[in-house]
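Given next are the chains, with one letter for each unit.
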Amino acid sequence: MSIRLYDSAWVIVENGQEPLQVHKDGRNPAAFNVGEHQYDIDGRALSTSAGAPPIVSLHSLQSAKEAGLRTAYNRDIDPTV
């Protein structure tokens, strides 16, 4: 499966129960933050994120909307509102 991460995407990680929102790391333009871990644009865990679970699926914009997930990122807002 081919994954290309983008800011505000929603992903499911292996053994994850809830979708996690992706956001660009402000200090490293090549990194995307997903929960506690960092991934590259292709969804591979960075070497600095040892033990990061694999990303198993990426919500499309349509499926995120249908699931009631926000499509814009704001760290200060509950992601399901």
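Residues numbered from 1 in each chain as written. Predicted model: local features only at pLDDT ≥ 70, side-chain atom pairs only at ≥ 80, totals over all residues. Heavy atoms only, no water.

*Asks:* Explain the side chain of Asp 25 to me, please; I cannot follow it from the model alone.
*Replies:* Tracing the chain through its elements places Asp 25 in the loop between β2 (20-24) and β3 (32-34). A polar contact of 2.7 Å, which involves the side chain of Asp 25, links it to the backbone nitrogen of Arg 27. Dropping the residues within four chain positions of it, Asp 25 is found in contact with Ala 31, Phe 32, Asn 33 and Gln 38. (Helix = DSSP H or I, 4+ residues; strand = E, 2+ residues; numbered from the N terminus. Polar contact = N/O pair within 3.5 Å; in protein donor to acceptor, adjacent residues only side chain to side chain. Contact = heavy atoms within 4.5 Å.)

*Asks:* What am I meant to see in the pairing of β2 here?
*Replies:* Across a regular strand the side chains alternate sides, sitting on one face of the sheet and then on the other. Sheet topology places strand β1 (residues 10-13) next to β2; two bridges connect them, and they run antiparallel. Directly across from Val 11, in β2, lies its bridge partner Leu 20. Between β1 and β2, which follow one another and run antiparallel, lie six residues, and Asn 15 among them has a positive phi close to 65 degrees. (Pairing = 2+ DSSP bridges.)

*Asks:* Sorry if this is basic, but what is going on with the environment of Gly 16 here?
*Replies:* Here Gly 16 shows up in the loop between β1 and β2. Spatially, the C-alpha atom of Gly 16 lies 9.8 Å from that of Pro 54, the residues being 38 residues apart in sequence.

*Asks:* Which parts of the structure should I look at to understand the confidence of the model for the chain?
*Replies:* Per-chain confidence: the chain averages 86 in pLDDT, with 86% of residues scoring 70 or above. Put simply, helix α1 (residues 61-66) is where the chain has its lowest mean pLDDT, 83, and strand β4 (residues 37-39) is where it has its highest, 97. (pLDDT = per-residue confidence, 0-100.)

*Asks:* I keep staring at unusual backbone geometry and nothing clicks. Help me out?
*Replies:* In most cases, non-glycine residues show a negative phi, while peptide bonds are predominantly trans. Positive phi values are uncommon outside glycine, yet Ser 8 reaches one of about 80 degrees. Relative to the helices and strands, Ser 8 is located in the segment before β1. Owing to a relative accessible area of 12%, Ser 8 belongs among the buried residues under this scheme. Within the chain, Asn 15 stands out as a residue other than glycine whose phi angle is a positive 65 degrees. With respect to the helices and strands, Asn 15 occurs in the loop between β1 and β2. (Buried < 20%, exposed > 50% of the residue type's maximum accessible area, 1.4 Å probe, protein only.)

*Asks:* Would you mind showing me how to read the pattern of salt bridges here?
*Replies:* Any two side chains of opposite charge can pair, so long as their charged atoms come close to each other. Here the structure, examined in full by the defined rule, presents four salt bridges. When the shortest N-O distance is used, the salt bridge between Asp 25 and Arg 27 registers 3.8 Å. Across the salt bridge formed by Asp 42 and Arg 44, the nearest N and O atoms sit 3.3 Å from each other. We classify Asp 42 as partly exposed; its relative accessible area is 29%. The structure contains a network of salt bridges with shared partners spanning Arg 4, Asp 40, Asp 42 and Arg 44. (Salt bridge = Lys/Arg side-chain N within 4 Å of Asp/Glu carboxyl O.)

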